[in-house]
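# Architecture at a glance
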Amino acid sequence: MSGLDLGLVAAYFAGITLLGAWAGRHTRTTEEFFLAGRRFSASFVALSCLATVVGSYSFVKYAAAGYQYGLASSQTYLNDWFWMPLFLFGWLPLLHRHGIVSVPEYFTRRFDRTTGLVASAVLLFYLVGYIGINLLTLGTALGTLFGVDPLWMACLALGLCMVYEWTGGQTSVIVTDFVQGLLLLAAGWLLVALGIARLGGVSGFLEALPPEHLRPLPALQEPGFPFVGIFWQDAMAGGVAFYFMNQGVLMRFLSARSLRAARRGAMGLLLVLMPLAAVAVSGGGWIAAALERRGLWAPVADADQVFVAVARALCAPGVFGLVVAALLAALMSTVDTLINACAAILVRDLYAGWWAPGRTDAHLLRAARWCSLAVAAAGLGLVPLYRALGTVYRAHGMFTAAVTPPMVVALLAGFLWPRFHRFAALATLVGGTAAMLVSLAVPALVVPFAHGIDPREGFPFIRAAYGLAVSLAIALLATLGGRSERTRAGAEFTLWALRGAGR
């Protein structure tokens, strides 16, 4: 990196840290620390939420997929639309109507405290794991640029992120993520524009792409990137996990000034910002494939390095620093959200609700800040484990497919089915998670769900289909085979209770 590039990156680090600390300087209560006082507009909610969606792993793994599979790499960002009506007119109104802040709180009020405790454990594992994925990506993409051990770069970014997270919580997160969302979109689209200009325009870019890269969707059984695998992992399990159970995303929508603002933010995210993000994160890989076919760029041995490599090849000094800053923005904007979400669960659902009820709000605010620091350290400790799984895309896919299905089934069943009772919820969470762990040790269990895909290529994706099927079977058997427990809470905290009340 040139001196100008390094200067821009250093200025970004300093600027975003100071902005976050300034924005959150008046945070005095846990309501402000976790929900930013519920005062943000739809535009702030949508753009800051996009920054959470687009983690640093997104640029690395989707550029790698775009380089290998072409335009079909955008499938993941464009297949959540069929969950949106249920989210907008069911889940969001339910949370607003009952004043629910967290997913474990929903499980506690829908079922009982034990179910809420189990849900807390599963969700914390999911969120802390996500933090580790983002920190792994930082090392993969940026470690070689600075000539130091990747873990040192992750520690630096995480330390600066914790400055404003400690100071302002959710207010600092939303303000900084709004800016970082603009930056990552601008950098991704700038890289695509530079590549298209090098190739002689849009027509030259499309002509230079390999014919198989022009397909809008991957083949059903594409080795390494199968359509059916992406559908089950990202659309069915991942879509629900992101909109319904990702605590960081839910807190972002609950920070809106009203239910109407939250809905408008969700619509803007899905219909406008997600398509823009699909191009921003995958475009570097498309450009790399087109340049390679024209003989203007040498192939790379490691697909995870495509984004940084093509940025280095196309960008002048200063512009390259902007792109690197966008990677850092994507990292920090996802990590700060997840840290705040984990702190909310630890403090609201476990510490205040289980271990130490009745503490003052000032005491809980101090606990939230210390919990944020502990969560950040735990996420950093996962990086060596993830590095052993191979590519970033494979590590992220394997983690998502293995963790989310039991929680997805339990949450949707409790939301949509009043008869679904506490024993069935516990059986789904515990039994489904156990089934996922067993499948890691006995891969043959996943084979019947492989849709003909080579097990060596498709297991990280198809394990989501296996997990959803097994968890759904447990939920049905436990509900229908046991004593009916159609309680008042069972009816109150379901979609059916929202008839005429979802305003």
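The following refers to the structure shown. Predicted model, so just to flag it, every value in this text is computed and none were measured.

Within the protein chain, the secondary structure is distributed over 21 helices and zero strands. Look at the contacts in the protein chain between residues 6 or more apart in sequence, and 85% of them connect residues 24 or more apart. In the structure as shown, the protein chain presents an accessible area of about 18,200 Å², 67% of it carried by carbon and sulfur atoms.

Its identity is not glycine, yet Ala36 carries a phi of approximately 55°, on the positive side. Tracing the sequence through the fold places Ala36 in the loop between α2 (30-35) and α3 (42-53). Looking at Ala36, the relative accessible area reads 0%, which means it is buried. Residues other than glycine seldom take positive phi values, yet Arg38 does so here, at roughly 50°. Inspection of the secondary structure puts Arg38 in the loop between α2 and α3. The partly exposed category is assigned to Arg38, whose relative accessible area is 28%.

Let us now look at the side chain of Ser73. Tracing the backbone shows Ser73 in the loop between α4 (56-69) and α5 (84-98). At a separation of 3.0 Å, a polar atom in the side chain of Ser73 contacts the main-chain carbonyl oxygen of Gly70. Those residues in contact with Ser73 that sit more than four places away from it in its chain are Tyr62, Ala65, Gly66, Phe225, Ser282 and Trp286.

Here we take up the packing of aromatic side chains. Within a pair of aromatic rings, the relevant descriptors are the distance that separates the centres and the angle that separates the planes. Tallied over the entire structure, the rule returns 25 aromatic pairs. Considering the side-chain rings of Phe44 and Phe178, the 4.2 Å spacing of their centres and the 20° angle between planes classify their relative orientation as stacked. On the criterion of sequence distance, the pair formed by Phe44 in helix α3 and Phe178 in helix α9 (residues 170-198) is long-range, its members being 134 residues apart. Here Phe44 falls in the partly exposed class, since its relative accessible area comes to 26%.

A few words now on the nonpolar core. Within the largest apolar cluster, 155 residues are counted, with the highest numbers of intra-cluster contacts made by Phe87, Trp91, Phe107, Phe244 and Phe253. The element best represented in this core is helix α15 (residues 319-355), accounting for 21 residues. Residues in contact with Phe244, not counting those within four places in the same chain, are Trp83, Leu86, Phe87, Trp91, Val103, Leu250, Leu411 and Leu412. Counting eight residues, the second largest nonpolar core, distinct from the first, contains Ala435, Met436, Ala450 and Ile462.

To continue, consider the packing of helix α1 (residues 3-23) against α15. Viewed as axis vectors pointing N to C, α1 and α15 meet at an angle of 35°, and their least axial separation amounts to 8 Å. The element α1 and its partner α15 pack so that their crossing is right-handed. Residue-level contacts link Asp5, Leu8, Val9, Tyr12, Phe13 and Ile16 of α1 to Val319, Phe320, Gly321, Leu322, Val324, Ala325, Leu328, Ala329 and Met332 of α15. Partitioned by chemical class, the residues of the contact of α1 with α15 number 13 nonpolar, one polar and one charged.

Our next topic: a nonpolar patch on the surface. A cluster of nonpolar side chains, namely Trp189, Met267, Leu271, Val272 and Leu276, defines an oily patch on the protein surface of about 450 Å² accessible area. Here the element with the most residues in the nonpolar patch is helix α13 (residues 259-293); it accounts for four residues. Counting through the fold element by element, Val272 comes out in helix α13.

The rules behind the values
Residues numbered from 1 in each chain as written. Predicted model: local features only at pLDDT ≥ 70, side-chain atom pairs only at ≥ 80, totals over all residues. Heavy atoms only, no water. Helix = DSSP H or I, 4+ residues; strand = E, 2+ residues; numbered from the N terminus. Contact = heavy atoms within 4.5 Å. Areas by Shrake-Rupley, 256 points an atom, 1.4 Å probe, with all protein chains shown as cover. Buried < 20%, exposed > 50% of the residue type's maximum accessible area, 1.4 Å probe, protein only. Polar contact = N/O pair within 3.5 Å; in protein donor to acceptor, adjacent residues only side chain to side chain. Phe/Tyr/Trp six-rings, centres within 6.5 Å; stacked < 30°, edge-to-face > 60°. Core = buried A, V, L, I, M, F, W, Y, C linked by side-chain atoms within 4.5 Å. Axes fitted to C-alpha atoms, helices over the stretch in contact; angles between N-to-C directions. Left-handed = near helix turned anticlockwise from the far one by under 90°. Nonpolar A, V, L, I, M, F, W, Y, C, P; charged D, E, K, R; others polar. Patch = residues over 30% accessible without salt bridge, like charges linked within 9 Å, V, L, I, M, F, W, Y side chains within 5 Å. Salt bridge = Lys/Arg side-chain N within 4 Å of Asp/Glu carboxyl O.

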